[in-house]
Amino acid sequence: MRSIQTFQVFPDIPQPLTFLETLSRNLWWSWNQDAIELFRRVNPKEWEACGRNPIVFATHVSQDRFEELAYDDSYLAHLAKVRERYENRVISESNGESPWDDGELVAYFSMEFGIHETLPLFAGGLGILAGDHLKAASGMKMPLVGVGLLYREGYFRQYLDKDGWQQEAYPETDLYHLPLSKQKDKKGNDLVVQLNGIGRDILAQVWKVRIGRIPLYLLDTNLPENSPEIRDITARLYSGEQHIRLAQEVLLGIGGMRALEMLDILPTVCHLNEGHCAFVGIERLRQIMDHYSIDLKTAQAVVPRTTVFTTHTPVAAGHDEFPPAMVKPYLKSFEPVFSMSADELVALGQSDGAAPDSPFSMFILGLRSAQYINGVSKLHGKVARHMWSHIWPTRSDDETPITHVTNGVHIPTVLAPEIKLLFERHLGPQWNMGSTIPENVARIDHIFDEELWQAHEMCRSRLIRTVRELMHKQYGRRNAPLNIMKAVESVLDQDTLTIAFARRFATYKRAHLLFQDPDRLEAIINSKDRPVQFVFAGKAHPKDNEGKGIIRSLVDFGRRTNLRHRFIFLEDYDMHIARFLVQGADVWLNTPRRPMEACGTSGMKAALNGVLNVSIMDGWWCEGYSSERGFRIGNGEEYQDHNYQDTIESQALYNIIENEVAPIYYDRSPGGTPSSWLKMMKASMKMAMADFCSLRMISEYEERFYLPASRRFEELVAKDGAQARKLSDQHRRYLDKWQQIRVSAPVRSSKGPFRVNQSFEVTAMVQTGELLPEELNIELYYGKMRHLDRIDEPRVKMMQVKEERSAGTYLYSCNLPCTDSGRYGFTVRVTPNADAWIRYRPELLTWA
């Protein structure tokens, strides 16, 4: 066979259209409807055929068509409008109202980023959340950069065989079809990061992609200088091979920080999106020591106080752990820098007192690197505090220093075009600013019912049309007979209540909850007066045979002759399919096993589009639910017997669909609109915009974490790290002297009984040793007791020195008020009178 060489020819864009090239190189276009339409109107059919990728699309448009558009006044006016908005939101400087000072910068690290389906660097919700974080930061004009890995095969593509069993494919991404640019050093050479590997060094090329105003830097080991094994580090997202997974996390953390350093970027704050990024803390110590000429102890006072760590995983087994022997080679190069052995460095990722060969935990390493730690919903924060309370064994769960910032979703990305038009008309030009403009939320009530219902019906029509197209492709790939091919072209009905279930097919997501009573489900689907249809989508992990089995059982159920048109599974769930589902369904179904759903942002996206949620009280729905805007399955119960739980909750689900959802949906006069349903749609949209948009989320990160941490960084490194050194010395003094503290049992001035509004004095004798009273907080810890051995609603009141009994021994006292009736308990404890990082060290707490 002849050897055929290939080359790519790009169009010669006429001068009036050159902005199209600029636009195609920044993913800002992907969440701006006018920008999307600017590409689409060139050739709508070809735009879809090219996967909505403007770089690929440009090579499929004839030169004649570009020349024609260069003289099209209508098109040029459209282009000018988009360019003006782009320059205002992406290019222009901040308007002077920014709370950020020059030089302040947040570096946001994540293993995956979901920006758009054309950039396949994500697997699921974690990545989509990271993408929304960058988009929201761009909208807020926040000084932030993203850091991740560039996977040449990304996450797998899913297809089903004829038996309904999931198969995986890993097509390689063509980097020339992505808006990437190689970063260069000061001499114009490719910017390549180098770090220790096992056997030989790892080299990684640094790329950049623009997300609006935000640069996202990506590391790529697919270089000829690397061995095949090292090149495979960035082959696939979440490799199943443990040694590759560890290498990815080392590359992300250590390599990512080095890439920023080579770009002359020294962040004042680092944000670790899950434990995968925890090696950032180790490399950041080295960089701060080097840049500010300070020692390790001083640097260790800087890093945690300026690091944010977000956890998304409510199950301990979901956090990465590695054998110490596998980790040590990557840390060898830090031994001379820190004057620490590799064993001592590995201990940073192990529990206190753990055996040397115990697993190295990325989560524990993250905890040791960050003062600001958060879960991603209120309930998840509570779950995380309990799950990791063993790190702080002398504190109650409530005082475990893990808080929460509930996730939010990026409104312009997720909103249907028809809803955007309604928002522009009724909310005004700043509708995309979501909760930052409170009037936006209230104005949703001003949308006419008829307009909203018409927009929703258009979204459902688009969903149904897309489902039919995708089903035709699916069955065509399996060489289905002609009669089946014709049948799938008419699946789903325009006027039937449509319920969507789309997410990762992990067993705890419980897609199987619907199948507990197949006959009842079938009766619900085929109801004469109130029929229901279902659309499913989602991937199971390649090694999760249970999840694959759920998909197969779902497909088998949908093959029943009387269900084929109303029970659909879509292959290869991605951001493109997700948009149609969250915009066009009537109901978004969510059935996780509480409390295993950390947040679950897909329901937020659906709510923004007026899709009503039917969900277990888990994740974000605990905060979002009210009977005026959605439906709940159960009341938030948690069961030990999972089979019993599934039986109870499946019956509750059937009852909700039959007795609540369907009656409200179909309650309308002939040709009219469902007024009660529309009222709930508006309430749902207002709730999502007010409380669950990404601008609210990132504003919360900025106010609570980013700005305080960034200001602290500047203070800590000033004057050769004088304040950081002082804090380090203070911490060391506490550690050295703490064992001298003794607290006697507290004594109350009266035995009681007491009545409401009375009070009594509590005293305790405290031996402070060489520590001074002003260095300590002596706290009365009290509250109601519902159990014999636990204070369930603790409160803390400071005690004061009443008298000095001898050198280093003091009598402390305070009054304890009786504010309410009930059974109370109290005790006394000692904590450091220091900042939060020292105050919450596990070893610095003594109880009476």
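Scroll up a little and you will see the structure.
Quick look at the overall build of the protein chain now. Broken down by element type, the protein chain carries 30 helices and 29 strands. Projected onto its principal axes, the C-alpha coordinates of the protein chain cover approximately 95 × 70 × 50 Å. A burial count over the protein chain gives 57% of its 848 residues as buried. Nonlocal contacts in the protein chain, meaning residues at least 24 apart in sequence, comprise 73% of its contacts between residues at least 6 apart. Considering the protein chain, the positive charge centre built from 100 side chains and the negative charge centre built from 109 side chains are found 2 Å apart.

Let us now look at the nonpolar core. In terms of nonpolar packing, the biggest core is built from 269 residues, with F279 and Y706 touching the most fellow members. In contact with F279, other than residues within four places in its own chain, are L246, E249, V250, G253, I254, V327, L331, F360, M362 and L365.

Turning our eyes to something else, we now look at the side chain of Q158. Examined against the element boundaries, Q158 turns out to sit in strand 3 (residues 157–160). The buried category is assigned to Q158, whose relative accessible area is 3%. A polar side-chain atom of Q158 sits 2.9 Å from a polar atom in the side chain of Q166. Those residues in contact with Q158 that sit more than four places away from it in its chain are Q166, Q167, G538, K539, A540, I551, F569, L570, E571, D572 and Y573.

Turning our eyes to something else, we now look at the sheet that holds strand 25 (residues 793–798). Strands pair in a sheet through their backbones, by hydrogen bonds, and they do so in one of two ways: parallel or antiparallel. Taking strand neighbours across the sheet as the criterion, the 4 strands line up as 25-24-28-29 in an open arrangement whose pairing is antiparallel. Both edges of this open sheet fall to strand 25 and strand 29 (846–847), since each of them pairs with a single strand only. Note: strand 28 (residues 824–832) against strand 29, 2 bridges, orientation antiparallel. Within strand 29, the residue paired with V830 across the bridge is T846.

A word on the packing of aromatic side chains. Tallying each qualifying case throughout the model produces 39 aromatic pairs. Centroid distance F334 to F338: 5.5 Å. Interplanar angle 25°. Geometry classified as stacked. Across the pair, F338 and F334 agree in class, each one buried. A centroid spacing of 4.9 Å and a plane angle of 70° characterise the contact between F557 and F567, whose relative ring orientation is edge-to-face. With a gap of 10 residues between them, F557 in helix 23 (residues 545–558) and F567 in strand 17 (residues 567–570) connect regions that are remote in the sequence. Across the pair, exposure class does not vary: F557 and F567 are buried alike.

Attention shifts here to the side chain of R594. One can find R594 in the loop between strand 18 (587–590) and helix 25 (602–608). In this structure the side chain of R594 is engaged in a polar contact, spanning 2.9 Å, whose partner is the backbone oxygen of G636. If we skip the residues at most four places from it in the chain, R594 touches L379, I616, M617, D618, C622, G636, E637, E638 and Q645.

Bringing the sheet that holds strand 19 (residues 612–616) into the picture now. Taking strand neighbours across the sheet as the criterion, the 6 strands line up as 17-16-15-18-19-20 in an open arrangement whose pairing is parallel. Two strands in the sheet have a free side with no partner beyond their single neighbour: strand 17 and strand 20 (630–633). Taken pair by pair, the neighbouring strands of this sheet meet at an average axis angle of 20°, ignoring direction. In this structure, strand 15 (residues 497–502) lies alongside strand 16 (residues 532–537), joined through 6 bridges in parallel fashion. Paired with T498 across the strands is Q533, a residue of strand 16. Most of the contacts of helix 20 (residues 449–477) go to strand 17, to which it runs at about 70°, and overall it touches strand 15, strand 16 and strand 17. Along the sheet, helix 27 (residues 642–666) makes contact with strand 15, strand 16, strand 18, strand 19 and strand 20, crossing strand 20 at roughly 165°.

On to the packing of helix 7 (residues 125–139) against helix 29 (residues 694–737), then. Helix 29 packs onto helix 7 with a crossing angle of 80° between their chain directions and a minimal axis gap of 9 Å. Judged by the angle between their axes, helix 7 and helix 29 are roughly perpendicular. Contacts between helix 7 and helix 29 involve L129, D132, H133, A136 and A137 on the former and, on the latter, S694, L695, M697, I698, Y701 and Y706. Per-class residue counts for the contact of helix 7 with helix 29 are 8 nonpolar, 2 polar and 1 charged.

The alternating pattern of strand 17 places F567 and F569 on one face and I568 and L570 on the opposite face, and all of these are buried. Relative to strand 17, strand 16 runs parallel, the two sharing 4 bridges. Across the sheet, the residue bridging to V535 is I568, located in strand 17. What joins strand 16 to strand 17 is helix 23, and the crossover it makes is right-handed.

Counting buried residues in helix 24 (residues 575–584) gives 9 out of 10 residues, a clear majority hidden from the surface. Along helix 24, the residues that are buried comprise M575, H576, I577, A578, F580, L581, V582, Q583 and G584. For helix 24, the N-terminal cap is D574; the gap from its side-chain oxygen to the backbone nitrogen of H576 is 3.1 Å.

Right, let's get into helix 9 (residues 242–262). Taking 1.5 Å per residue, 21 residues should reach 30 Å; helix 9 reaches 29 Å between its end C-alpha atoms and fits that length. Along helix 9, the sharpest kink reaches roughly 30°, centred on G255. Taken across its 21 residues, helix 9 has 17 buried, putting it largely inside the fold. Positive backbone phi, at 60°, marks D264, one or two positions downstream of helix 9.

A few words now on the environment of D519. In this structure, D519 sits in helix 22 (residues 518–525). By relative accessible area, D519 is classed as exposed at 58%.

With that out of the way, let us pick up the environment of I499. Note that I499 resides in strand 15. Classification of I499 as buried rests on a relative accessible area of 2%. Residues I499 and L581 lie 82 residues apart in sequence; the distance between their C-alpha atoms is 9.2 Å. Excluding its chain neighbours within four sequence positions, the residues that come into contact with I499 are V532, Q533, F534, V535, V587, L589 and I657.

Another aspect to go through is the packing of helix 9 against helix 10 (residues 280–292). Two elements in contact, helix 9 and helix 10, have axes whose closest approach is 7 Å; the angle formed by their N-to-C orientations is 35°. Where helix 9 crosses over helix 10, the handedness of that crossing is right-handed. Residues G253, I254, M257, R258 and E261 of helix 9 pack against V280, E283, R284, R286, Q287, D290 and H291 of helix 10. Counted by class, the contact of helix 9 with helix 10 contains 3 nonpolar, 3 polar and 6 charged residues.

What counts as what
Residues numbered from 1 in each chain as written. Predicted model: local features only at pLDDT ≥ 70, side-chain atom pairs only at ≥ 80, totals over all residues. Heavy atoms only, no water. Helix = DSSP H or I, 4+ residues; strand = E, 2+ residues; numbered from the N terminus. Buried < 20%, exposed > 50% of the residue type's maximum accessible area, 1.4 Å probe, protein only. Contact = heavy atoms within 4.5 Å. Lys, Arg positive; Asp, Glu negative; His and termini not counted. Charge placed at Lys NZ, Arg CZ, Asp CG, Glu CD. Core = buried A, V, L, I, M, F, W, Y, C linked by side-chain atoms within 4.5 Å. Polar contact = N/O pair within 3.5 Å; in protein donor to acceptor, adjacent residues only side chain to side chain. Pairing = 2+ DSSP bridges. Phe/Tyr/Trp six-rings, centres within 6.5 Å; stacked < 30°, edge-to-face > 60°. Axes fitted to C-alpha atoms, helices over the stretch in contact; angles between N-to-C directions. Parallel < 35°, antiparallel > 145°, perpendicular 65-115°, else oblique. Nonpolar A, V, L, I, M, F, W, Y, C, P; charged D, E, K, R; others polar. Right-handed = clockwise from strand over helix to strand, strands pointing away. Expected span 1.5 Å × (residues − 1). Bend = angle between axes of the 7 residues up to and from the residue. Left-handed = near helix turned anticlockwise from the far one by under 90°.

In short, shape yes, function no, at least from these values alone.
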